[in-house]
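Structural features, examined
Listed below are the residues making up each chain.
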2 protein chains.
Amino acid sequence: VQINVLSSTRDMVQNQYAHKTVIVVDVLRATSVMVTALAHGCRGVIPVESIREAEHLKQPGDLLGGERGCRLIPGFDFGNSPLEYQKADIHGKRIIQTTTNGTRAIQKAIPAYQLIAASMLNAFACARAAIEIGRDLVIVCSGTEDHFSLEDGLCAGLLIDEIQSMGVSEIAIDDFGLTMHAAYRQASHQLEQVLMTSANGIKLTKLGLVDDIRYCAAINQFEIVPILCGNMLVRF
Amino acid sequence: VQINVLSSTRDMVQNQYAHKTVIVVDVLRATSVMVTALAHGCRGVIPVESIREAEHLKQPGDLLGGERGCRLIPGFDFGNSPLEYQKADIHGKRIIQTTTNGTRAIQKAIPAYQLIAASMLNAFACARAAIEIGRDLVIVCSGTEDHFSLEDGLCAGLLIDEIQSMGVSEIAIDDFGLTMHAAYRQASHQLEQVLMTSANGIKLTKLGLVDDIRYCAAINQFEIVPILCGNMLVRF
């Protein structure tokens, strides 16, 4: 298995993924929201790029979630805090989600053979699923507006760590992946504190959302793999 | 001091560096060669992009060095192994150097307020010089043909490690720099072995150039800071 890690959506070249599994990572907070929503019984999450598209797709019973500039979108049911999705009654419902970075990365990765949404919360389950699928793997760090984000890089490193610990033979990892793995190993004993030092960590802290960072820094809380079927992420 | 780290030359936006110090890193092997040549008494190293330019600039007494595809260029005095520059008599001479990645990164960084060439071999000296200069800092990982290279990322992390250990107050480091620092800390106890696992490490090993990797993986061997004056890197 060849594993490549992309530092941001800017590195994505479309139509290069048709035969590969793509894992999209947006720890703070889009993919953490997806995992949490599926863990609390929602039927699926539909990631879309624009607010207009979200409103257009909405059918009776659907819920709208997402953010612009880390804030709630007027008229939407939820913001982009995974904690909101723990509390509300989302059982059996579809959530249409639009965020600044994570949903964009997913849109660009749609040609993939399989597309998985990973976060710290479900890294082990995603790594195992990707190995089961058996294709070459591209891990996309969604980042922030075309820039690399520390938390996504560390999650890529965690995914590689989980894959390595499965004892899969003949894994080849590119230089960026090897470096993310080393960074994750170094940070793993104090993941929460390291995430606080990142640009997004500092921004969320200023907005009073420290609890979101703490929640998103916890590894392997859920055995849930959000996988794209058609236009909706469902449980694999 | 703001420290930004760029993952490859592709991330370089020209004319953004006029007021900043740029540190260019190409551990395997262009900047390791520059440091070694200056440490062994050469007058200066002139980095150029093309073979033609190197031949055009050559005056009596000058030496030509460099590589294409890791190999010696026909008619040149030296290849791109730092070990060659240890042995030969280069005292007082100018070396005109052209390589695939490192010299290109330097050409793109020429608008900088000051431009320094760093490697593992002289990281501490470069970090101290950069802090003395006192400007915001951009560390460019030259990489390989627009792709990130592990060894350059770890060297960026080492530079940040040295700067942090100087106790400079009010340092702000971007997410990519924080991640490279974590990766360096993790790899620091077995730098040579980790460099062997990188794409360039594997390539050089296949070419029988393991000694080059070993040599380039040794940190802080020289108190030499190659700095650009006009078109030539000289000792700072």
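Residues numbered from 1 in each chain as written. Chains lettered and ligands numbered in written order. Predicted model: local features only at pLDDT ≥ 70, side-chain atom pairs only at ≥ 80, totals over all residues. Heavy atoms only, no water.

**What about the overall build of chain A?**
If you tally the helices and strands in chain A, you get ten helices and ten strands. Its C-alpha radius of gyration of 16 Å places chain A within 12% of the 18 Å reference for a compact globule of 236 residues. Projected onto its principal axes, the C-alpha positions of chain A cover 50 × 35 × 30 Å. Contacts in chain A between residues at least 24 apart in sequence constitute 78% of all its contacts with a sequence separation of at least 6. Of the accessible surface of chain A, which amounts to about 9,300 Å², a share of 47% is contributed by carbon and sulfur atoms. Positive and negative charge centroids in chain A, built from 20 and 25 side chains respectively, lie 5 Å apart. (Helix = DSSP H or I, 4+ residues; strand = E, 2+ residues; numbered from the N terminus. Rg over C-alpha atoms; globule rule 2.2 N^0.38 Å. Contact = heavy atoms within 4.5 Å. Areas by Shrake-Rupley, 256 points an atom, 1.4 Å probe, with all protein chains shown as cover. Lys, Arg positive; Asp, Glu negative; His and termini not counted. Charge placed at Lys NZ, Arg CZ, Asp CG, Glu CD.)

**Description of the environment of Ile-73 of chain A**
Residue and element names in this part refer to chain A. Assignment of secondary structure puts Ile-73 in the loop between strand 4 (63–66) and helix 3 (82–87). Residue class for Ile-73 comes out buried when judged on its relative accessible area of 4%. In the structure, Ile-73 is positioned 25 residues away from Thr-98 in sequence and 9.4 Å away in space, judged by C-alpha atoms. Beyond its immediate stretch of four places on either side in the chain, Ile-73 contacts Ile-51, Gly-66, Glu-67, Arg-68 and Thr-98. (Buried < 20%, exposed > 50% of the residue type's maximum accessible area, 1.4 Å probe, protein only.)

**Let's talk about the pattern of salt bridges**
It is possible for side chains of opposite charge to pair when their charged atoms get near one another. Residue and element names in this part refer to chain A. In total, this model carries 16 salt bridges over all chains according to the counting rule given. Among the ionic pairs, Asp-146 bridges to Arg-104, the shortest N-O distance being 3.5 Å. Note that Asp-146 is positioned in the loop between strand 7 (137–141) and helix 6 (150–165) and Arg-104 in helix 4 (residues 102–108), a separation of 42 residues in sequence. The partner of Asp-161 in a salt bridge is Arg-185, and the shortest N-O contact between them spans 3.2 Å. A residue pair is termed long-range when its members are at least 10 positions apart, and Asp-161 in helix 6 and Arg-185 in helix 7 (residues 175–187) qualify at 24 residues. You can call Asp-161 buried: its relative accessible area is 17%. When salt bridges with common partners are traced through the structure, they connect Glu-192, Asp-211 and Arg-214 into a single cluster. (Salt bridge = Lys/Arg side-chain N within 4 Å of Asp/Glu carboxyl O.)

**Let's talk about the relation of the copies chain B and chain A**
When chain B is fitted to chain A, the best match, at an RMSD of 0.0 Å, comes from turning it 180° and sliding it 0.0 Å along the axis. Here the copies are linked by what is in effect a two-fold axis. Judged by C-alpha distance, Ala-183 of chain B is the residue of chain B that lies nearest the rotation axis, at 1.9 Å. Counting the interface residues of chain B, we find that 100% of their copies in chain A are interface residues as well, pointing to one common contact surface. (Least-squares fit on C-alpha atoms with pLDDT ≥ 70 in both.)

**Some remarks on the packing of aromatic side chains**
Inspection of the entire model under this criterion finds seven aromatic pairs over all chains. An aromatic cluster is built from Phe-148 and Phe-176 of chain A together with Phe-148 and Phe-176 of chain B, whose rings are joined through pairwise contacts. Its guanidinium or amino end placed over the ring of Tyr-113 of chain B, Arg-135 of chain B lies 3.6 Å from that ring's centre, counting from NZ or CZ. (Phe/Tyr/Trp six-rings, centres within 6.5 Å; stacked < 30°, edge-to-face > 60°. Lys NZ or Arg CZ within 6 Å of the ring centre and 35° of its normal.)

**A look at the environment of Asp-211 of chain A**
Mapping Asp-211 of chain A onto the fold places it in helix 10 (residues 210–216). The sequence separation of Asp-211 of chain A and Glu-49 of chain A amounts to 162 residues, and the corresponding C-alpha distance is 26 Å.

**Focus: the packing of helix 6 (residues 150–165) of chain B against helix 7 (residues 175–187) of chain B**
Residues and elements named next belong to chain B. Where helix 6 meets helix 7, the axes come as close as 7 Å, and the angle between the chain directions of the two elements is 95°. Relative to helix 7, the element helix 6 lies roughly perpendicular. For the pair helix 6 and helix 7, contact is made by Gly-153, Leu-154, Gly-157, Leu-158, Ile-160, Asp-161 and Gln-164 and by Gly-177, Met-180, His-181, Ala-183, Tyr-184, Arg-185 and Ala-187, respectively. (Axes fitted to C-alpha atoms, helices over the stretch in contact; angles between N-to-C directions. Parallel < 35°, antiparallel > 145°, perpendicular 65-115°, else oblique.)

**Some details on the interface of chain B and chain A**
Accessible area lost upon the coming together of the parts is a frequently used measure of interface size. Each partner contributes residues to the interface: chain B has 18 residues there, and chain A has 18 residues. Summing both sides of the interface, chain B and chain A together bury roughly 1,500 Å²; the carbon and sulfur share of this comes to 60%. The salt bridge partner of Arg-10 of chain A is Asp-11 of chain B, with a shortest N-O separation of 2.7 Å. Our enumeration of links across chain B and chain A arrives at seven residue pairs in polar contact (both at pLDDT 80 or more). Among the elements of the structure, helix 6 and helix 7 of chain B are those that each provide at least two residues to the side of chain B that touches chain A. Of the residues forming the side of chain B that touches chain A, the biggest block, nine residues, is contributed by helix 7 of chain B. By residue class, the composition of the side of chain B that touches chain A is eight nonpolar, five polar and five charged. (Buried area = accessible area lost by both parts, 1.4 Å probe. Polar contact = N/O pair within 3.5 Å; in protein donor to acceptor, adjacent residues only side chain to side chain. Nonpolar A, V, L, I, M, F, W, Y, C, P; charged D, E, K, R; others polar.)

**Digging into the confidence of the model for chain A**
Looking at chain A as a whole, the pLDDT averages 95, with 100% of positions reaching at least 70. On the interface metric, ipTM, the complex scores 0.90, and its pTM is 0.93. (pLDDT = per-residue confidence, 0-100.)

**Looking at the pairing of strand 9 (residues 226–229) of chain A**
Side chains on a regular strand alternate between the two faces of the sheet. Residues and elements named next belong to chain A. The sheet contact formed by strand 9 and strand 10 (residues 232–235) spans four bridges and is antiparallel. Counterpart to Leu-228 in the pairing with strand 10 is Leu-233. Connecting strand 9 to the next strand, strand 10, in antiparallel fashion are two residues, including Gly-230 with a positive phi near 65°. (Pairing = 2+ DSSP bridges.)

**Structural notes on helix 7 of chain A**
For the α-helix, the turn length of 3.6 residues means that residues three or four positions removed from each other point alike. For helix 7 of chain A, spanning 13 residues, the distance from its first C-alpha to its last is 18 Å, which sits close to the expected 18 Å at 1.5 Å a residue. Within the sequence span of helix 7 of chain A, burial applies to Asp-175, Phe-176, Gly-177, Thr-179, Met-180, His-181, Ala-182, Ala-183, Tyr-184 and Ala-187 of chain A. (Expected span 1.5 Å × (residues − 1).)

**Describing helix 1 (residues 30–39) of chain A**
All names here are of chain A. With nine of its ten residues buried, helix 1 lies for the most part within the structure. Taken residue by residue, helix 1 has Ala-30, Thr-31, Ser-32, Val-33, Met-34, Val-35, Thr-36, Ala-37 and Leu-38 as its buried positions. Taken from the residues just after helix 1, Gly-41 is the one with a positive phi, measuring 90°.

**Describing unusual backbone geometry**
Residues and elements named next belong to chain A. Geometrically, the link from Leu-28 to Arg-29 is a cis peptide bond, its omega value of 10° lying close to zero. With respect to the element layout, Arg-29 can be found in the loop between strand 2 (21–25) and helix 1. Positive phi values are uncommon outside glycine, yet Asp-146 reaches one of about 75°.

**Quick word on the environment of Ile-202 of chain A**
With respect to the helices and strands, Ile-202 of chain A occurs in helix 9 (residues 199–206). For the pair formed by Ile-202 of chain A and Ile-213 of chain A, sequence separation is eleven residues and the distance between their alpha carbons is 9.8 Å.

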